[in-house]
Amino acid sequence: MIPPVLKSREAILAGAILILVGAIASRFPAFVAPSNLANVFNDTAPLIILALGQMVVILTRCIDLSVAANLALTGMVVAMLNTAMPGLPVPLILLIAVSLGALMGLFNGLLVWRLDIPPIVVTLGTMTIYRGIIFVISGGEWINAHEMSDAFKAFPREVVLGLPVLSWIAILVVLGFVVLIGRTPLGRAFFAVGGNPHAAVYTGINVGLTQCAAYVISGALAGLTGYLWVARYAVAYVDIAGGFELEVVAACVIGGISIAGGIGSVGGALLGALFLGIVKNALPVINISPFWQLAISGSAIIIAVAFNATSNRTKGRVILKKAEHAA
Amino acid sequence: MSVTAPDTSPAGRQIPDRLKSPLQRFLGSWELLLLGVAVAVFILNSFASPYFLDPWNLSDATFNFTEKAMIAFAMALLIISGEIDLSVASIIALASTAMGFAVQMGADTPVLVLIGLGVGLACGAFNGVLVTGFGLPSIVVTIGTMSLFRGISYIVLGDKAYTGYPSSFAFFGQGYVWWVISFELLLFALLAVVFAVILHRTNFGRTVYVIGNNPVGALFSGIRVTRVKFALFLLTGLMSGVAAICLTSRLGATRPSIAFGWELEVVTMVVLGGVSILGGSGSIPGVVIAAFVMGMVTFGFGLLNVPGIVMSIFIGLLLIGVIALPRIARQLLAKRKV
């Protein structure tokens, strides 16, 4: 008998990652050097943070396609603020970034909650709106490294206990989510709302409010990542993180978070993001052109979702197999 | 979404929707509202630039939406059935890449058309098998194939481009059939009629609505749900192939970034056309008008030298606004009655 722990989705995914890393290491041992692994983790940190935010949104049967646009808009705003007022302290900038992101998340959430517009339509719309606003406020201009203050650029790269601040923030967010999901009523509510909205109403949970809260969390994290991203790469422009929303959704799907809501875990989202991050970082190392990256991550999504579907089949007595399948 | 508030007659009796005459149904319909928006945009455009009403300009304006609308027709059917295909733009890229590859091998126009349509069908079949055969959610499957199909284009092309299409191939995207009527516009009109007939006048169209409203009910009524859905994925793939032929011919070149972001514009067009994203309701005339609205808005902004990305704000607001406004109005009315 295989112990149930090893049959969990997280264990299988962790195994897949280990095999992947092992295969790379067998030909390029330098890849598994601790310093390089730390680099890979640091590169993946933004994806991890966003995937966790996206996870709670997907748990409540919604989707947030506006995360990358939110990230880019917040990044542009803080970069412009920094250019205008170079003296602004970093904690204040962090506060502004998180609040602005949360505000954009709130806008999504209110449209879904109060007006009952389908989430995919709302976030499709706000995605284009937020991107458009970046162009309007920046006039299409880039903000380059020399226009940003040194303190602004240095923060995510500063090394604390051997790891850059960016990595530490990702670790803190992961820990925060472990508490939020496992130890708070809100965390339970996310699962309840996604698992069965009608039952959730009868247990006294406000479904719309919970979905709105998920959007605010996702937005706040996107805002936070917006500052970190712009500061780390020391450049802000309209197309920053273009198409990144799909990578975020992909990380969640690979991590076993059910797009139908109600199923998922912090570990899953983390491992899903790490998987994509390792693939992205390993391609140049093993001499495959980066042009392969899209095709590989696409295949990974399809394989992951096929795998999830087969392991999620409800066990028990199925009377009408065909009907069950269609539903 | 699909439930419309019943109208009240002067006597206070409620008239069910099915008892209204077609004219009554049209007044107060989504299509009429959209038509109003289209006319308003048209009038605004003619004030915005003296060149707008020039027939050649008006004809050029149609290129802004004809290719997307061809896909939107098939996408409308797919969304009504409760599924979605986010890989359409990537299918265009893959079909266009295949055609470009064939051109380098010395293929001529008829072969290119066959390849374009064939790749479209093959991609549609791949999506269809994954969704219906394995019972996977279409939004995730097509996010995956969206990366996969475009990824293959990037692998084949890298940072290069394919050019050198035969001159006879240019007809599909650049040819004019009758004075200022382009081949694409004619094809768009033809396809609009064909899809309207399929959806609104055939048994197949009826089953699409039934599946969208209640897939389990449809199954128990003897409808082959998976087969119909598979056919709809094939159809969406095929129309993406058609759009790929037109777009490649119009641009005269293939790059892996061709039609980037179109999937969202196509979905916007369909939703703007009054198709419920949750499935079960919508119409082809609505999509046709939405196509004109979006094309006209894009063109009008172009005349005013507004950058493309600012137009996207407007398209986004339009998408949310047209869905939100009736709901806000209904909520306000409901409050007043209490």
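Before any of the text, the structure's been laid out above.
One structure accompanies this document, and this report is about it. Being a predicted model, the structure only gives us computed values, none of them experimental. (Residues numbered from 1 in each chain as written. Chains lettered and ligands numbered in written order. Predicted model: local features only at pLDDT ≥ 70, side-chain atom pairs only at ≥ 80, totals over all residues. Heavy atoms only, no water.)

### Notes on the overall build of chain A
And then number 1: On a plain count of helices and strands, chain A comes out with 15 helices and two strands.
And then number 2: Here the C-alpha atoms of chain A give a radius of gyration of 20 Å, agreeing with the 20 Å that 2.2 N^0.38 yields for 327 residues.
And then number 3: Here the C-alpha coordinates of chain A stretch approximately 65 × 55 × 35 Å along the principal axes.
And then number 4: Taken across its 327 residues, chain A has 53% of its residues classed as buried.
And then number 5: Pairs at least 24 apart in sequence give 78% of the contacts found in chain A among residues at least 6 apart.
And then number 6: Accessible area of chain A: about 14,200 Å², with a carbon and sulfur share of 69%. (Helix = DSSP H or I, 4+ residues; strand = E, 2+ residues; numbered from the N terminus. Rg over C-alpha atoms; globule rule 2.2 N^0.38 Å. Buried < 20%, exposed > 50% of the residue type's maximum accessible area, 1.4 Å probe, protein only. Contact = heavy atoms within 4.5 Å. Areas by Shrake-Rupley, 256 points an atom, 1.4 Å probe, with all protein chains shown as cover.)

### Points about the packing of aromatic side chains
And then number 1: Per the counting criterion, the structure on display carries 19 aromatic pairs over all chains.
And then number 2: Seen from their ring centres, A:Trp229 and A:Phe244 are 5.1 Å apart, and the 75° between their planes marks the pair as edge-to-face. Residue A:Trp229 is found in helix 11 (residues 207-233), and its partner A:Phe244 is found in helix 12 (residues 244-254); the two are separated by 15 residues along the sequence.
And then number 3: Ring centres of B:Phe171 and B:Phe172 lie 6.3 Å apart, and the angle between their planes is 65°; this geometry places the pair in the edge-to-face category.
And then number 4: An aromatic cluster of at least three residues, connected via ring pairs, comprises B:Phe65, B:Phe73, B:Phe188, B:Phe195 and B:Phe292.
And then number 5: In this arrangement the basic side chain of A:Arg114 is found over the ring face of A:Trp113, its NZ or CZ atom lying 4.9 Å from the centre.
And then number 6: When the ring centre of B:Trp262 is taken as reference, the NZ or CZ atom of B:Lys68 above it lies at 5.0 Å. (Phe/Tyr/Trp six-rings, centres within 6.5 Å; stacked < 30°, edge-to-face > 60°. Lys NZ or Arg CZ within 6 Å of the ring centre and 35° of its normal.)

### Some details on the interface of chain B and chain A
And then number 1: Every contact between the two is made by 50 residues of chain B and, on the other side, 45 residues of chain A.
And then number 2: Summed over both sides, the interface of chain B with chain A buries roughly 3,800 Å², with 87% coming from carbon and sulfur.
And then number 3: Inspection of the region where chain B meets chain A yields zero salt bridges.
And then number 4: If you look at where chain B meets chain A, you find one residue pair in polar contact (both at pLDDT 80 or more).
And then number 5: Secondary-structure elements contributing two or more residues to the side of chain B that touches chain A are helix 6 (109-134), helix 7 (138-157), helix 11 (215-220), helix 13 (262-272) and helix 15 (308-337) of chain B. (Buried area = accessible area lost by both parts, 1.4 Å probe. Salt bridge = Lys/Arg side-chain N within 4 Å of Asp/Glu carboxyl O. Polar contact = N/O pair within 3.5 Å; in protein donor to acceptor, adjacent residues only side chain to side chain.)

### Considering the side chain of A:Glu245
All names here are of chain A.
And then number 1: Along the polypeptide, glutamate 245 turns up in helix 12.
And then number 2: The side chain of glutamate 245 sits in the buried core without any salt bridge; arginine 131 is the nearest counter-charge, 4.7 Å away.
And then number 3: What glutamate 245 contacts, discounting residues up to four positions off in sequence, is Leu65, Val67, Ala68 and Met127. (Lys, Arg positive; Asp, Glu negative; His and termini not counted.)

### Digging into the state of the cysteines
And then number 1: Evaluation of the coordinates by the stated rule reveals zero disulfides over all chains.
And then number 2: Free of any disulfide, A:Cys212 has its nearest cysteine sulfur in A:Cys62, 9.8 Å distant. (Disulfide = S-S within 2.5 Å.)

### Here we look at the side chain of A:Ser149
And then number 1: As for its position among the elements, A:Ser149 is in the loop between helix 6 (119-138) and helix 7 (150-154).
And then number 2: Since its relative accessible area comes to 15%, A:Ser149 is described here as buried.

### As for unusual backbone geometry
Generally, phi is negative for residues other than glycine and the peptide bonds are trans, each holding for most cases.
And then number 1: Non-glycine residue A:Leu161 carries a positive phi angle of around 50°.
And then number 2: Here A:Leu161 lies in the loop between strand 1 (159-160) and strand 2 (163-164).
And then number 3: Positioned with a positive phi, B:Ala259 is a non-glycine residue whose angle comes to about 60°.
And then number 4: With respect to the helices and strands, the residue B:Ala259 is situated in the loop between helix 12 (225-251) and helix 13.
And then number 5: Assessed through its relative accessible area of 9%, B:Ala259 is described here as buried.

### What about the nonpolar core?
And then number 1: Counting residues in hydrophobic clusters, the biggest one holds 211 residues, and the most contacted among them are A:Met55, A:Ile117, A:Phe177, A:Ile181, A:Tyr227, B:Phe73 and B:Ile139.
And then number 2: Ranked by the residues each element gives to this core, the list is headed by helix 3 (residues 34-59) of chain A, at 14 residues.
And then number 3: Among residues more than four places away in sequence, those in contact with B:Ile139 are A:Ile63, A:Ile120, A:Ile259, B:Ile84 and B:Leu86. (Core = buried A, V, L, I, M, F, W, Y, C linked by side-chain atoms within 4.5 Å.)

### Quick word on a nonpolar patch on the surface
All names here are of chain B.
And then number 1: On the surface, a cluster of nonpolar side chains totalling about 800 Å² of accessible area is made up of Trp56, Phe171, Val177, Trp178, Trp179, Leu186 and Leu190.
And then number 2: On the secondary structure map, leucine 190 appears in helix 9 (residues 183-201).
And then number 3: Take leucine 190: its relative accessible area is 52%, and that puts it in the exposed class. (Patch = residues over 30% accessible without salt bridge, like charges linked within 9 Å, V, L, I, M, F, W, Y side chains within 5 Å.)

### Observations regarding helix 2 (residues 9-27) of chain A
Because an α-helix completes one turn every 3.6 residues, residues spaced three or four positions apart along the sequence face the same direction.
Residue and element names in this part refer to chain A.
And then number 1: Between its terminal C-alpha atoms helix 2 stretches 28 Å, which fits the 27 Å expected from 19 residues at 1.5 Å a residue.
And then number 2: Turning to helix 2, its buried residues number three or more, namely Leu13, Ile17, Val21, Ile24 and Ala25. Buried residues along helix 2 cover an arc of 110° about the axis, so they all sit on one side. Pointing more than 90 degrees away from the buried face of helix 2 are the exposed residues Leu18, Ile19, Ser26 and Arg27.
And then number 3: Its buried side turned inward, helix 2 meets helix 12 and helix 13 (266-285). (Expected span 1.5 Å × (residues − 1). Arc of directions from axis to C-beta.)

### Overview of the packing of helix 5 (residues 90-113) of chain A against helix 6 of chain A
A pair of packed helices can be characterised by two numbers: the angle between their axes and the separation between those axes.
Residues and elements named next belong to chain A.
And then number 1: Following both chains from N to C, one finds helix 5 and helix 6 inclined at 145°, their axes separated by 9 Å at the closest point. Considering the relative orientation of helix 5 and helix 6, their crossing is right-handed. Taking contact as the criterion, the partners of Met104, Phe107, Asn108, Leu111 and Val112 in helix 5 are, on helix 6, Pro119, Val122, Thr123, Thr126 and Tyr130.
And then number 2: When grouped by side-chain class, the residues that make up the contact of helix 5 with helix 6 number seven nonpolar, three polar and no charged. (Axes fitted to C-alpha atoms, helices over the stretch in contact; angles between N-to-C directions. Left-handed = near helix turned anticlockwise from the far one by under 90°. Nonpolar A, V, L, I, M, F, W, Y, C, P; charged D, E, K, R; others polar.)

### So, helix 4 (residues 66-80) of chain B
Residue and element names in this part refer to chain B.
And then number 1: When the terminal C-alpha atoms of helix 4 are compared, their 21 Å separation across 15 residues agrees well with the 21 Å that a helix rising 1.5 Å per residue should span.
And then number 2: Bending of helix 4 peaks at approximately 25° at the position of phenylalanine 73.
And then number 3: Taken across its 15 residues, helix 4 has 15 buried, putting it largely inside the fold.
And then number 4: Directly beyond the C-terminal end of helix 4, a positive phi value near 95° is found at glycine 82. (Bend = angle between axes of the 7 residues up to and from the residue.)

### Things to note about the environment of A:Gly105
Residue and element names in this part refer to chain A.
And then number 1: Relative to the assigned elements, glycine 105 resides in helix 5.
And then number 2: Judged by relative accessible area, glycine 105 falls into the buried class, the value being 0%.
And then number 3: Sequence-wise, glycine 105 and glycine 219 are 114 residues apart; in three dimensions their C-alpha atoms are separated by 4.1 Å.
And then number 4: When neighbours within four sequence positions are excluded, glycine 105 is seen to be in contact with Asn70, Tyr215, Val216 and Gly219.

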